[in-house]
Amino acid sequence: MTHTDFIPYGRQSISEADIAAVVKSLRSDFLTQGPCVSEFENAVATKVGASYGVAANSATSALHLACLALGVGTGDRVWTSPNTFIASANCARYCGANVDFVDIDPRTYNMCANKLAQKLQAAKLTDTLPKVVIPVHFAGQSCDMAAIYALSKTYGFRIIEDASHAIGATYQGDYVGSGKFSDICVFSFHPVKIITSAEGGMAVTNHQQLAKHMRTHASQGTTKSPDELTQQPGDWYYEQHTLGFNYRMTELQAALGLSQLSHLDDFIERRHRQFENYQTLLKSFPITLPYQAEDNYSSLHLYPILLPEHNKSARKGVFDVLRHAGIGTQVHYIPVHTQPYYKQLGFNDGDFPIAEDYYARTLSLPLFADLTYAQQERVALILKHALIANRVMRA
């Protein structure tokens, strides 16, 4: 197998226009803190229907900024999904908060609104309600945000949507990030996501003060705004008003992200065609294929399959056959509460059984904008061999 035969589970799609945009930025007067970042922020916010965008050097940084803007601090409680990358929980830990999790819906693999309601009801009795809830739009499909938002009004928590997988997705006809059901929404532009800025992320919001807070904290907590300075000795002058971070996005990242944004709709349309092709190729296999809720238009970041309950022990064998044949399958995700760090905080195996059962049986198949139908057919063929070799299906 050569390197070119390998089919990763996800990868960036870079055009000559993208390259030209980065080169133009390199030749400009600004490599950081120039006009491209603001233009990218405005373009993303406009695309999703939000009022403000705040760019950051990663989605993890943007999640941290969002927690800070909502006043998350030591001893506060933040709840998220166990079926996510660790950043969805770590962002609250950076603020000193106590993190807990809400088990997932067995069809969408997103935070279950019913489980959330039950947990909130119990927490109210013990005066342990969360300050913030972070639903994660797994694989590009929105959580049931209307239900989660309704619960926020009853129980008084704020909402950060972790939409790292879901730029360009819609829920009930509105773009994820419109702010209809949340305070802040965060996108990722990592190379395996829908569009990329190499590394990078962005928080969008409809609240001016939240945007201002995040922007200040992303730039070392400093300001040069005349109406905020305590004195104005000269144009060189700036002041630090809070303890911030260097979470700024570079001009190069923003130039790439801005160019990529123009391809967003096309990338998602291609992913939907690939999704439907997989659904056809794999429909006779004894596996569970991804479910799509009717009120969602997913950006389809991932294509996760599930092995049968009685064959979950075969997962490693199937994974190994695929990888050996050059299919870059991956597992999304190891439940956060089972990580050693979180076990040290008191979590245990068995705490969130639906997420754990999902993890034990799932594999993500390759899905990215430039994936060809021929490559998908190869994935299906090798998956069939893997399932036969591991006695999940008959020859």
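One structure accompanies this document, and this report is about it. What you see as residue numbers is a count from 1 along each chain, following the sequence as written. Per-residue local features of the predicted model are confined to residues with pLDDT of at least 70, and side-chain atom pairs are confined, for both listing and counting, to 80 or more; whole-chain, interface and lining totals are unaffected and use all residues. To obtain the side-chain values, all non-hydrogen atoms of the structure were used and water was disregarded.

Further remarks concern the nonpolar core. General note: in soluble globular proteins, nonpolar side chains tend to be found buried as a group. Here, the term nonpolar core denotes a set of buried Ala, Val, Leu, Ile, Met, Phe, Trp, Tyr and Cys residues that are joined through side-chain atoms within 4.5 Å. Summary of the burial criterion: residues with accessible area below 20% of their type's maximum are buried, those above 50% are exposed, and those between are partly exposed, where the area comes from a 1.4 Å probe applied to protein chains only. Ranked by size, the top nonpolar core spans 36 residues in total, and within it Cys67, Phe101, Ile160, Ile184, Val186 and Met214 carry the most contacts. Put simply, DSSP H or I for four residues or longer makes a helix, DSSP E for two residues or longer makes a strand, and each gets a number counted from the N terminus. Of all the elements in the fold, those that place two or more residues in this core are strand E2 (52–56), helix H3 (59–69), helix H4 (87–93), strand E4 (98–101), strand E5 (132–134), strand E9 (184–188) and helix H7 (208–218). Here this core gets eight residues from one element, more than from any other, and that element is H3. Working rule for contacts: check all heavy atoms of both residues, and any pair within 4.5 Å makes them a contact. If we skip the residues at most four places from it in the chain, Ile184 touches Ala66, Ala69, Leu70, Ile159, Ile160, Glu161, Ala203, Val204, Thr205, Leu210 and Met214.

An α-helical turn contains 3.6 residues, so any two residues separated by three or four positions project in the same direction. A helix's residues, less one, multiplied by 1.5 Å, set its expected span. Helix length check: helix H13 (residues 373–389) (17 residues) gives 24 Å between terminal C-alpha atoms against 24 Å at 1.5 Å per residue, within 8%. Three or more residues of H13 are buried, namely Gln376, Val379, Ala380, Ile382, Leu383, Ala386 and Leu387. Here the buried face of H13 lies against strand E1 (7–8), helix H9 (264–281), strand E14 (303–306), helix H10 (315–324), strand E15 (327–328) and strand E16 (362–365). Positive backbone phi, at 60 degrees, marks Arg391, one or two positions downstream of H13.

Our focus in this paragraph is empty space enclosed by the protein. The pocket and cavity definitions rest on a 1 Å grid over protein atoms only: a 1.4 Å probe that fits but cannot leave marks a cavity, an open set with protein on both sides within 12 Å along at least five of seven lines marks a pocket, and residues lining either have an atom within 4 Å of a point. Grid points are joined across faces, edges and corners, and a volume is the space filled by probe spheres set on the points. Across all of its chains, the model carries three cavities of 30 Å³ or more by this definition. Its boundaries defined by the atoms lining it, the largest cavity holds a volume of some 90 Å³. As for the largest cavity, its lining consists of 13 residues, of which Glu161, Tyr171, Tyr175, Ser178 and Phe181 are closest to the centre. Gly falls in the polar group here, along with every residue not listed as nonpolar (Ala, Val, Leu, Ile, Met, Phe, Trp, Tyr, Cys, Pro) or charged (Asp, Glu, Lys, Arg). Counted by class, the lining of the largest cavity contains five nonpolar, five polar and three charged residues. Put simply, the second largest cavity is a space of about 80 Å³. What lines the second largest cavity is a set of 14 residues, among which Ala139, Gln141, Pro290, Tyr291 and Gln292 lie closest to the centre. Among the residues making up the lining of the second largest cavity, the classes are represented as nine nonpolar, four polar and one charged.

Below, the discussion takes up the packing of H9 against H13. Running from N to C, H9 and H13 point in directions that differ by 35 degrees, and their axes come no closer than 10 Å. Considering only the axes of H9 and H13, their crossing is right-handed. Along its contact with H9, which presents Arg273, Gln274, Asn277, Tyr278 and Leu281, the element H13 presents Tyr373, Gln376, Glu377, Val379 and Ala380. In terms of residue class, the contact of H9 with H13 is made up of five nonpolar, three polar and two charged. Helix axes use the C-alpha atoms of the stretch in contact, all axes being lines fitted to C-alpha atoms, and the angles between their N-to-C directions lie in the range 0 to 180 degrees. Put simply, a crossing is left-handed when the front helix is turned counterclockwise from the back one by less than a right angle, and right-handed when it is turned clockwise.

Here the focus is a nonpolar patch on the surface. Patches were defined on residues exceeding 30% relative accessible area and lacking a salt bridge, with like-charge contacts within 9 Å and nonpolar side-chain contacts (Val, Leu, Ile, Met, Phe, Trp, Tyr) within 5 Å. Per-residue and other accessible areas follow the Shrake-Rupley method at a 1.4 Å probe size, with only the shown protein chains counted as cover for residues. Counted as salt bridges are all cases of a side-chain nitrogen of Lys or Arg within 4 Å of a carboxyl oxygen of Asp or Glu. On the surface, a cluster of nonpolar side chains totalling about 210 Å² of accessible area is made up of Ile14, Ile19 and Val23. Along the chain, Ile19 turns up in helix H1 (residues 16–26). Owing to a relative accessible area of 41%, Ile19 belongs among the partly exposed residues under this scheme.

Every other side chain in a regular strand lies on the same face of the sheet, so the side chains alternate between the two faces. In E16, alternate side chains face the same way, and those of Thr362 and Ser364 on one face and Leu363 and Leu365 on the other are all buried. By the bridge criterion, four bridges tie E14 to E16 in an arrangement that is antiparallel. Within E16, the residue paired with Leu306 across the bridge is Thr362. Here, any two strands with at least 2 DSSP bridges between them count as paired.

It is worth spelling out the layout of surface pockets at this point. The computed volume of the largest pocket comes to approximately 540 Å³. The wall of the largest pocket is formed by 19 residues, among which Gln33, Arg215, Thr216, Ser219 and Arg248 lie closest to the centre. Among the elements that line the lining of the largest pocket, the one with the most residues is H7, at four residues. Among the residues forming the lining of the largest pocket, the class breakdown is five nonpolar, eight polar and six charged. Roughly 460 Å³ of volume is contained in the second largest pocket. What lines the second largest pocket is a set of 25 residues, and nearest its centre among them are Phe85, Ile86, His165, Lys193 and Tyr333. Elements supplying a minimum of two residues to the lining of the second largest pocket: H3 and H4. For the lining of the second largest pocket, the element with the most residues is H3, which contributes three residues. Class assignment of the residues belonging to the lining of the second largest pocket gives a composition of 11 nonpolar, 11 polar and three charged.

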